[in-house]
Amino acid sequence: MICTLVQGLALLRMAWFRAGCSVAKRSIRRNLSQGGSYAARAWVGPQNRYIHTTVFTSKAEAAPVPRPVPLSRLTDSFLDGTSSVYLEELQRAWEADPSSVDESWDNFFRNFASQAATSPGISGQTIQESMRLLLLVRSYQVNGHMKAKLDPLGLEERKIPDDLDPALYGFTEADLDREFFLGVWRMAGFLAENRPVQTLRAILTRLEQAYCGSIGYEYMHIADRGKCNWLRDKIETPAPMQYNRQRRVVILDRLIWSTQFENFLATKWTASKRFGLEGCETLIPGMKEMFDRSADLGVESIVIGMPHRGRLNVLGNVVRKPLRQIFSEFSNKPVDEVGPYIGTGDVKYHLGTSYDRPTRGGKRIHLSLVANPSHLEAVDPVVVGKTRAKQYYSNDVDRTKNMGVLIHGDGSFAGQGVVYETLHLSALPNYTTGGTIHIVVNNQVAFTTDPKSGRSSQYCTDVAKALDAPIFHVNGDDMEAVAHVCELAADWRQTFRSDVVVDIVCYRRFGHNEMDEPSFTQPKMYKVIRNHPSALEIYQKTLLESGQVKKDDIDNIHNKVSSILNEEFLASKDYIPKKRDWLSAYWSGFKSPEQLSRIRNTGVNPEILKNVGKAITTLPDNFKPHRAIKKIFLERAKMIETGEGIDWAVSEALAFATLLIEGNHVRLSGQDVERGTFSHRHSVVHDQETGEKYCPLDHVMMNQDEEMFTVSNRRGLKLIALDCVPVQAKASSLSEFGVLGFELGYSMENPNSLVLWEAQFGDFANGAQVIFDQFLSCGEAKWLRQTGLVVLLPHGYDGQGPEHSSARLERFLQMSDDNPYVIPEMDPTLRKQIQECNWQVVNVTTPANYFHVLRRQIHREFRKPLIVMSPKNLLRHRDCKSNLSEFDDVQGHAGFDKQGTRFKRLIKDQNDHSDLEEGIRRLVLCSGKVYYELDEMRKKAGGDDVAICRVEQLCPFPYDLIQRELKRYPNAELVWCQEEPMNMGAYNYIAPRLCTAMKARGRGTIDDIKYVGRAPSAATATGFIQVHVKEQAELVQKALQPEPISCP
Ligand SMILES: Cc1ncc(C[n+]2csc(CCOP(=O)(O)OP(=O)(O)O)c2C)c(N)n1
Ligand SMILES: [Mg+2]
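Criteria and thresholds
Residues numbered from 1 in each chain as written. Chains lettered and ligands numbered in written order. Predicted model: local features only at pLDDT ≥ 70, side-chain atom pairs only at ≥ 80, totals over all residues. Heavy atoms only, no water. UniProt positions renumbered as here; feature names shortened; annotations may be inferred. Near = heavy atom within 4 Å. Polar contact = N/O pair within 3.5 Å; in protein donor to acceptor, adjacent residues only side chain to side chain. Areas by Shrake-Rupley, 256 points an atom, 1.4 Å probe, with all protein chains shown as cover. Helix = DSSP H or I, 4+ residues; strand = E, 2+ residues; numbered from the N terminus. Expected span 1.5 Å × (residues − 1). Buried < 20%, exposed > 50% of the residue type's maximum accessible area, 1.4 Å probe, protein only. Arc of directions from axis to C-beta. Contact = heavy atoms within 4.5 Å. Phe/Tyr/Trp six-rings, centres within 6.5 Å; stacked < 30°, edge-to-face > 60°. Axes fitted to C-alpha atoms, helices over the stretch in contact; angles between N-to-C directions. Parallel < 35°, antiparallel > 145°, perpendicular 65-115°, else oblique. Nonpolar A, V, L, I, M, F, W, Y, C, P; charged D, E, K, R; others polar. Donors = N, O, S within 2.8 Å, 3.2 Å for Na, K, Ca; no water.

- Taking an unreviewed UniProt entry as the reference, the protein is identified by name as 2-oxoglutarate dehydrogenase, mitochondrial belonging to Escallonia rubra.
- Listed in UniProt under the heading Subcellular location (unreviewed entry), the comment for the protein reads: "Mitochondrion matrix".
- The annotation that UniProt attaches to the protein under Sequence similarities (unreviewed entry) is "Belongs to the alpha-ketoglutarate dehydrogenase family."

**Things to note about the site of ligand 1**
And then number 1: R309, S374, D410, G411 and S412 are the nearest of the 15 residues found near ligand 1.
And then number 2: H308 places a side-chain nitrogen or oxygen 3.1 Å from an oxygen atom of ligand 1.
And then number 3: Contacts to ligand 1 include G411, whose backbone N or O atom sits 2.8 Å from an oxygen atom.
And then number 4: Summarising the interface, the protein chains cover 76% of the accessible area of ligand 1, which totals 580 Å² for the free molecule.
And then number 5: A total of 3 residues in the shell around ligand 1 trace back to one element, the largest contributor, which is helix 16 (residues 410-415).

**Thoughts on helix 36 (residues 1025-1040)**
Three- or four-residue spacings in an α-helix give side chains the same orientation, since the helix completes a turn every 3.6 residues.
And then number 1: With 16 residues, helix 36 ought to run about 22 Å at 1.5 Å a step, and its terminal C-alpha atoms sit 23 Å apart, in line with that.
And then number 2: Of all the residues in helix 36, the buried ones are H1028, Q1032, L1035, V1036, A1039 and L1040. The buried residues of helix 36 occupy one face: seen down the axis, they fall within an arc of 130 degrees. Facing away from the buried side of helix 36 by over 90 degrees, the exposed positions are Q1026 and K1030.
And then number 3: On its buried face, helix 36 is in contact with strand 20 (922-926), helix 33 (930-941), strand 21 (946-951), strand 23 (973-981) and strand 24 (1009-1014).

**Focus on the packing of aromatic side chains**
And then number 1: Within this structure, the stated rule accounts for 31 aromatic pairs.
And then number 2: A ring pair is formed by W230 and F496, whose centres lie 5.2 Å apart and whose planes are at 80 degrees; its orientation type is edge-to-face. Residue W230 is located in helix 10 (residues 225-235), and its partner F496 is located in helix 19 (residues 479-496); the two are separated by 266 residues in the primary sequence.
And then number 3: With a centroid separation of 5.0 Å and an interplanar angle of 65 degrees, the aromatic rings of Y431 and F742 are classed as edge-to-face. Placement of the pair is Y431 in the loop between helix 17 (417-423) and strand 8 (436-442) and F742 in helix 27 (residues 737-747), with a sequence separation of 311 residues.
And then number 4: Looking at Y431, the relative accessible area reads 1%, which means it is buried.

**A short note on the packing of helix 23 (residues 606-617) against helix 24 (residues 627-642)**
And then number 1: Relative orientation of the contacting elements helix 23 and helix 24 amounts to 175 degrees, with a least axis distance of 9 Å. The pairing of helix 23 with helix 24 is recorded here as roughly antiparallel in orientation. Residues K610, G613, K614, I616 and T617 of helix 23 touch helix 24, and the partners they reach there are F633, R636, A637, I640 and E641.
And then number 2: Tallied by class, the residues present in the contact of helix 23 with helix 24 amount to 4 nonpolar, 2 polar and 4 charged.

**Describing the coordination of the magnesium ion (ligand 2)**
And then number 1: Protein ligation of the magnesium ion (ligand 2) involves D410 (OD), N443 (OD1) and V445 (O), the donor distances falling in the range 2.0 Å.
And then number 2: Each donor residue of the magnesium ion (ligand 2) belongs to the same chain, and together they define the spacing D-x32-N-x1-V. Here the residue D410 occupies a position in helix 16, and N443 occupies one in the loop between strand 8 and helix 18 (451-454), the gap between them amounting to 33 residues.
And then number 3: You can call D410 buried: its relative accessible area is 4%.
And then number 4: Residue classification places N443 among the buried residues on the basis of a relative accessible area of 6%.

**With respect to the environment of G226**
And then number 1: You can see G226 is positioned in helix 10.
And then number 2: You can call G226 partly exposed: its relative accessible area is 43%.
And then number 3: A sequence separation of 38 residues divides G226 from A188, and the C-alpha atoms of the two residues are 9.2 Å apart.

The structure is reproduced here in structure tokens:
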């Protein structure tokens, strides 16, 4: 919209210029004497390339072309009557002293004078013609792509917009050889002031070449005038861009590699699915050109995400994974023979890898291709998060050294919502990576679906327009056009540090995979494809015709490539896979599940606790927080001072602060996490007078790095001041899939970071289900990549209805891979239970235990995802408090047990029971906040013969501690109590494991586990508060009832 206005104003001002210029006046008057010939000579020339036929005829009939208006009559009604006088004055002033007028006028007069002197042809140009010509040029800029020859198959049916027809603007054949001047101030490209006068024919020829050739540019949706001008400068060059011979040979070499690679795989593995790139082989040279150009412009590392199609080719030819290794894996040899830890593995077209590759300019660039699941586009935010992490850890402040590149399919780019979610992170202060380059392998089909059935938008890339990203559509058969836009995208990214899209319009030579028959569903398309030459054949022909390359040159490259492919194939037979590169540089010293990692204490020196405690509870002297916040901070300071009554928020801040001073990076992300959904965290406070923000966790150390603690987008204010990136003050992205994926990617880069994602309420995590299912729960098993990502999911039955009560604990437990029937080694010195499990699921009930479980994430030699059912009403619960002595490492203090101060996987009964309590008639095992309700009821009812134990770590199951409690209470009836319905919560996970523990101690079978909780239910909770209260009271009472429990 802004763009339109600006352009509109430009036109007006242009007319104004003309109106005021006496040179123009004279010429226009001359022209007028010829009369209104345009309308009468409306020419429809079938052989003419520029002027369409039908459009003009009908338009001409419907709306006659307006007659030119003489300047003398125009001036008084146009803008205001003073304009021509003013301009004539201006011109006189300029003639006397060019420096006396504004630079733009100086340019204008200079240009115009020189044009008029040298170009007699211009003399006939009227104001209306200038304006119409401008509109025509603008139409090409806006809609030229609609006429571009993008489809290599020529099957695409598109209506060329009327406004690309010069006839619409009143131009006829007679005008084609007239000369026109087009300059507009502060414009680039065709409309630049320094462009020579040209005939209409020449202008149209260049417009057609620039906008309607093999490249269709879409950029006029971009609001920023400077960016549009930058692009016009690149697109509207006086002559078309051409590569020299040397570059052409390199491009040819790369295209031969790309093409032969697929052919080779096809001949060696005739019955394997490889999701080949045939039909879009130009992608590979295009990517290489892009990467070379990026390296020239300072990029040192690229993180790549891509789907199945062409992945092996990218791995081999772009990332330079050794071909023998690719061939060896393709033969389905075991992935890794060194050590038993090989995980479950994944299909070959999902595997990731990373290498250093030399570039054309003699530099080296690090490329990592991120492993991805089958779920299309799910890897997008992961790649972006990883890129951001690389930028932080390599101090890439201006984000020019590390870049993300995402390759998409046309169907998935248009169809998958996570594309939009990821795009929307691109300019947020704590998520931006300075622009991702998107490449769409647009083969005009998705599995069996035609674009028309797969999307409602004209282009599959239209979603990117929301982001002001330029989109370069390119015919995938035009090798040099592909290379050109790939380079242009690299230039754009490094110049403007924002997203850009390259849409390679191509085709898929075979079926969805090599085993599929495409003619079942796309018969017409495949008839054309069968006879369609490959991009390589087309390019070779072009080069031969140019005379720059000889047949021998081409043959030599072919021979070289095929002999290397054959050598590598032979070598692959003896290839012994090396130890997986699953640990990148930052991860050296970390243990795989086959290596025992020592369990460490997580208590902290009391003096340090006091010091950081002070830092996180103190606001600057002159800071004026909200009254309520002031009170909270005073209370917090008192907690630290007295060492008593530490609540959840302070405990969390203590965990973060102690990790920070130990040199770790802490990053907390999610909706509204600064304040906290439940208004409990207040990690960033706002001065009520100045609006200034203060984040105490930024100040736990002297000269603390400003991003060392990152929470949501609190850096907003600073960035506004620096005018760096657009800022949405105070709001974090309202995305779960995108943001969780991003944090996952971030967490995988450097183990010395505590990366947390908090859901607003736990149930919203299901918007990010793909990340849980396909990455977090199984990424290590599939791809041998570790992550210590922490997921905080507010959970608990407090009457907030079906959505906000449950984080669907059962789902996380159901995805846990600890064997319900086998008790693993539990000896503290030999235990690898967590290492061998896919993730940890906890439901923690004390602030101190929360502190320790967070610190444990870092104080161990491996990384494992942590799912936390985090509390809501415990945040302010009277009894949910800890003393500072539970946080410290002092022997004999409350947190210290046999091993030291650690996270308690199970909290035993608080009634100071001895090792053997034969009089206890019932052992109630529970998890989460229901404990406090049970405890309260027990106190009220005087149920001293009931023991209540909290299972704080549900997964992996704390067999050793459960058995210890079974032993302590030999006569107790065993109860599992939960607030969730029977088909939800932890019951189904606990039952078989508890039973295994019981069996090992001769304590009965599954029937001896008594269930107390809500009845099975479709919805997670009732929407009626009264019903909730009644249900809750009943289950608590039942757990403590004097009579034996008869359920299940
Ligand atoms: C989220 C998701 N839904 C469905 C599929 C199944 N699927 C695999 S490939 C494919 C078609 C993809 O089309 P496109 O994005 O155009 O890529 P192409 O295969 O044409 O390269 C589909 C639907 C999938 N992998 N992921
Ligand atoms: Mg496709």
